[in-house]
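The lines below spell out each chain.
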Amino acid sequence: MATSAARRGSVFLYLALLFFAIGILVILKTAGLVPSDVYSRLMTWQSLAIATGIFLLCTKEVVIGIVTAALGVIAMFDVFDLLGIIGTPGVLLILGAVMMINYLRR
């Protein structure tokens, strides 16, 4: 298990890389090098979930990383809309609760 300082450092690195990637994407869009449809597909919460899942996999949080990335991929195809009114918000609430419980147990 990673120490608190190491974990905090990896979170800051993730946020730094995320901000850097978003900045590059915005510059490319502004310069007209990224089509609007590609830009709007990349700038979604689903893409953020996939990126977060990949980050968690890199920090050896395998199960929650796979679940988070899979959530983003599945949500891109509107699968959660089949669940009716609970849909995506319900899935996100459940995932968030599981992650908080897992964190508090450590």
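Residues numbered from 1 in each chain as written. Predicted model: local features only at pLDDT ≥ 70, side-chain atom pairs only at ≥ 80, totals over all residues. Heavy atoms only, no water.

**Q** How should a nonpolar patch on the surface be read in this particular structure?
**A** Taken together, the side chains of Val11, Phe12, Leu15, Phe19, Ile22, Val26, Val38, Leu42 and Met43 present a nonpolar region at the surface, about 740 Å² in accessible area. Broken down by secondary-structure element, the contributors of at least two residues to the nonpolar patch are helix 1 (4-30) and helix 2 (36-42). Here the nonpolar patch gets six residues from one element, more than from any other, and that element is helix 1. By secondary structure assignment, the location of Ile22 is in helix 1. (Patch = residues over 30% accessible without salt bridge, like charges linked within 9 Å, V, L, I, M, F, W, Y side chains within 5 Å. Areas by Shrake-Rupley, 256 points an atom, 1.4 Å probe, with all protein chains shown as cover. Salt bridge = Lys/Arg side-chain N within 4 Å of Asp/Glu carboxyl O. Helix = DSSP H or I, 4+ residues; strand = E, 2+ residues; numbered from the N terminus.)

**Q** How should the environment of Ile64 be read in this particular structure?
**A** When you line up the elements, Ile64 lands in helix 4 (residues 62-76). Relative accessible area serves as the criterion here: at 16%, Ile64 is assigned to the buried category. Taking the C-alpha atoms as reference points, Ile64 and Val98, separated by 34 residues in sequence, lie 9.3 Å from one another. (Buried < 20%, exposed > 50% of the residue type's maximum accessible area, 1.4 Å probe, protein only.)

**Q** Quick question: what am I supposed to make of the packing of aromatic side chains here?
**A** Aromatic ring pairs: the centre-centre distance and the angle between the two ring planes describe each pair. In this structure the tally under the stated criterion is one aromatic pair. Sitting over the face of the ring of Tyr39, Lys29 holds its NZ or CZ atom 5.4 Å from the ring centroid. (Phe/Tyr/Trp six-rings, centres within 6.5 Å; stacked < 30°, edge-to-face > 60°. Lys NZ or Arg CZ within 6 Å of the ring centre and 35° of its normal.)

**Q** How should I be thinking about the side chain of Ser47 in this particular structure?
**A** Along the chain, Ser47 turns up in helix 3 (residues 45-58). Judged by relative accessible area, Ser47 falls into the buried class, the value being 16%. From its side chain, Ser47 meets the backbone oxygen of Arg41 in a polar contact 3.2 Å long. Apart from residues lying up to four places away in sequence, Ser47 is in contact with Arg41, Leu42 and Met76. (Polar contact = N/O pair within 3.5 Å; in protein donor to acceptor, adjacent residues only side chain to side chain. Contact = heavy atoms within 4.5 Å.)

**Q** Help me understand unusual backbone geometry in this model?
**A** The phi torsion of most residues other than glycine is negative, and most of the peptide bonds are trans. With phi around 70°, Lys60 is a residue other than glycine that occupies positive phi space. By the secondary structure assignment, Lys60 is in the loop between helix 3 and helix 4. The class for Lys60 is exposed, based on a relative accessible area of 72%.

**Q** Can you help me understand the side chain of Gln46 in this one?
**A** Relative to the helices and strands, Gln46 resides in helix 3. When near neighbours in sequence (up to four residues on either side) are disregarded, Gln46 contacts Gly72, Ala75 and Met76.

Everything listed here is a matter of coordinates, which is why it stays silent on function.
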